[in-house]
Amino acid sequence: MKLPRMVYNQPEVVQPVRTDVLIMSPWLAPIVWDGTYNLGILNAQYRQRKFRVGITIFAIKKYTVFVKKFIESAEKYFMVGQKVTYYIFTDRASDIPVMNLAEGRSIAVLKVPSYPRWQDVSMRRMEMIRDSSHTRFSHEVDYLVCVDVDMTFNDEVGVEILSNLFGTLHPGMFGLPRDSYTYERNPQSEAYIPADEGDFYYAGGFFGGNTEEVYKLTNFCHKAMMVDKEKNIEAVWHDESYLNRYFLYHKPTKILSPEYLWDDNFGIPAFLKRRRFLAVPKNHDEIRNRR
Ligand code: 5GW
Ligand code: MN
């Protein structure tokens, strides 16, 4: 692969780019923070590879209200200049607005059932992503990015996130001791993680990878949830608990810092140089109850 001539600052071997945060996991997966990478170099590398990105969102019942702002913000900040398909899973296809997208980008609406319990709405995402992985995603895209819809992009999210399998550090739990992570602690559950294990606490609202790795991840999580369901067990943080179990034994090849999933309710700590993907403030009672 031949790159064009580029002029940029020389990487400095004895001058770390960040000293305030961990930028590499013990299994040598980069942790992506502002200041640790050069997007120009990455873009030049990826431009020659011709790849397509799918981003999955679920808008079930009232959550269709989040779609418009989500897409508008993604058009501004998410994989700008790349080929992107928005896969919108919804039970209310007629509520999905028609929107103008940049060249090379499109929306695919996938009709899916809704579930009465919100826990099932959240957990069944794993099954639905899995089911579309082999029928559709693997033919249409190279990478999948699976995110919550009650979010907006607020700064660049580009090819720096891409890797075979990636997860995101939860904004509420970085820096805590592992035994205080809200992993599932019931040994009977398929999501169980003992107090003396665990690397990071990953967020359920942002993960991805190549289509085959996302198939494996979602297939594991869905099957584990079904095994637990037979036993009348539901892990404490639903799909997120099973995701954390998966990542413990299938280590991600890249880890996104909380820049990629922030909630201003956590304040703005000094190490957080950018807030790229932000939770939309929502009135939980208003949106969650009685539908
Ligand atoms: C409804 C009530 C309570 C919790 C979740 C829902 C819900 C979630 C819903 O009615 N419809 C829906 O599409 N979802 C999907 O699940 C959305 O994509 C949402 O982003 C995702 C996770 O649920 P969140 O965002 O409410 O969970 P938190 O942990 O971010 O608050
Ligand atoms: Mn959310």
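This text follows the structure it describes.
Reading guide: rules and limits
- Residues numbered from 1 in each chain as written.
- Chains lettered and ligands numbered in written order.
- Predicted model: local features only at pLDDT ≥ 70, side-chain atom pairs only at ≥ 80, totals over all residues.
- Heavy atoms only, no water.
- Salt bridge = Lys/Arg side-chain N within 4 Å of Asp/Glu carboxyl O.
- Core = buried A, V, L, I, M, F, W, Y, C linked by side-chain atoms within 4.5 Å.
- Buried < 20%, exposed > 50% of the residue type's maximum accessible area, 1.4 Å probe, protein only.
- Contact = heavy atoms within 4.5 Å.
- Donors = N, O, S within 2.8 Å, 3.2 Å for Na, K, Ca; no water.
- Helix = DSSP H or I, 4+ residues; strand = E, 2+ residues; numbered from the N terminus.
- Pairing = 2+ DSSP bridges.

**Q** How should I be thinking about the pattern of salt bridges in this particular structure?
**A** Two side chains with opposite charge may pair up if their charged atoms get near one another. Inspection of every chain in the model, using the stated rule, returns 20 salt bridges. Each of Asp34, Asp155, Glu156 and Arg274 takes part in salt bridges that share partners, so that together they form one network.

**Q** I'm lost on the nonpolar core in this one. Help?
**A** Across soluble globular proteins, nonpolar side chains have a tendency to be buried as a group. The biggest cluster of nonpolar side chains holds 40 residues, and the ones touching the most others in it are Tyr87, Phe89, Phe207, Leu217 and Phe247. The residues contacting Tyr87, other than those within four sequence positions of it, are Gly54, Ile55, Thr56, Ile57, Ala108, Leu110, Arg136, Phe137, Glu140, Val141 and Leu144. Leu42, Phe51, Val149 and Val159 belong to the second-largest nonpolar core, a separate cluster that totals 38 residues.

**Q** Even after reading the chapter, I still don't get the coordination of the manganese ion (ligand 2), so can you show me in this structure?
**A** Six octahedral donors around a metal ideally sit at 90 or 180 degrees from one another, while four tetrahedral donors ideally sit at 109.5 degrees. Protein-derived coordination of the manganese ion (ligand 2) comes from Asp148 (OD), Asp150 (OD) and Asp150 (OD), at a distance range of 2.1 to 2.5 Å. We classify Asp148 as partly exposed; its relative accessible area is 22%.

**Q** Please clarify how the pairing of strand 7 (residues 165-168) should be interpreted in this entry.
**A** Every regular strand shows the same layout, with side chains that alternate between the two sheet faces. Taking every second residue as pointing to the same face, both faces of strand 7 are buried, with Leu165 and Gly167 on one and Phe166 and Thr168 on the other. Where strand 7 lies against strand 8 (residues 206-210), 2 bridges are found, and the strand directions are antiparallel. Paired with Phe166 across the two strands is Gly208, which belongs to strand 8. Direction of pairing for strand 7 relative to strand 9 (residues 254-256): parallel, over a ladder of 3 bridges. Looking at the pairing, Gly167 lines up with Ile255 of strand 9.

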